[in-house]
Amino acid sequence: MSGPGSGAGAGGSRFLYDSFDAAHARIEANERVAEERWNGLDYRLGQIDAALERLERRIWIGVYGVAGFLLAQGAEAVLRAAMR
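Presented here is an overview of the structure given in this document. (Residues numbered from 1 in each chain as written. Predicted model: local features only at pLDDT ≥ 70, side-chain atom pairs only at ≥ 80, totals over all residues. Heavy atoms only, no water.)

Time to look at the overall build of the chain. On a plain count of helices and strands, the chain comes out with 2 helices and 0 strands. Across the 84 residues of the chain, 1% fall into the buried class. (Helix = DSSP H or I, 4+ residues; strand = E, 2+ residues; numbered from the N terminus. Buried < 20%, exposed > 50% of the residue type's maximum accessible area, 1.4 Å probe, protein only.)

Turning our attention to the pattern of salt bridges. Two side chains bearing opposite charge may form a pair once their charged atoms approach each other closely. Scanning all chains against the criterion turns up 1 salt bridge. Close ionic contact of Arg-80 with Glu-76 constitutes a salt bridge, the shortest N to O distance being 2.9 Å. In this pair, Arg-80 and Glu-76 both sit in helix α2 (residues 22–83), 4 residues apart, roughly one turn of the helix. With relative accessibility at 56%, the residue Arg-80 sits in the exposed group. (Salt bridge = Lys/Arg side-chain N within 4 Å of Asp/Glu carboxyl O.)

Moving on to the packing of aromatic side chains. Applying the stated criterion across every chain yields a total of 1 aromatic pair. Plain terms: the ring middles of Trp-60 and Tyr-64 are 5.8 Å apart, the flat faces sit at 35 degrees to each other, and that makes the pair tilted. On the criterion of helical spacing, the pair formed by Trp-60 and Tyr-64 is a turn pair, its members being 4 residues apart in helix α2. Among the residues examined, Tyr-64 registers a relative accessible area of 59% and is labelled exposed. (Phe/Tyr/Trp six-rings, centres within 6.5 Å; stacked < 30°, edge-to-face > 60°.)

Worth remembering: the numbers are spatial, not functional.
Put into structure tokens, the structure is as follows:
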């Protein structure tokens, strides 16, 4: 005989027989929210990391540009001194 007291395995909807655990549902919901926040944080940190790499590349290009300019000025000064 299947009835409300025989459990969820007797047939019918499990929602009619299983007890609803609000605390467990709240914990699961909080865990899902925390996981989504973590994923969002990870995504933003990835974007920040990519932006910092681009900035670093631009800074090194500037440094090499200045070093090249100074070397060119030094080479020009050496050539002018040698031509006198």
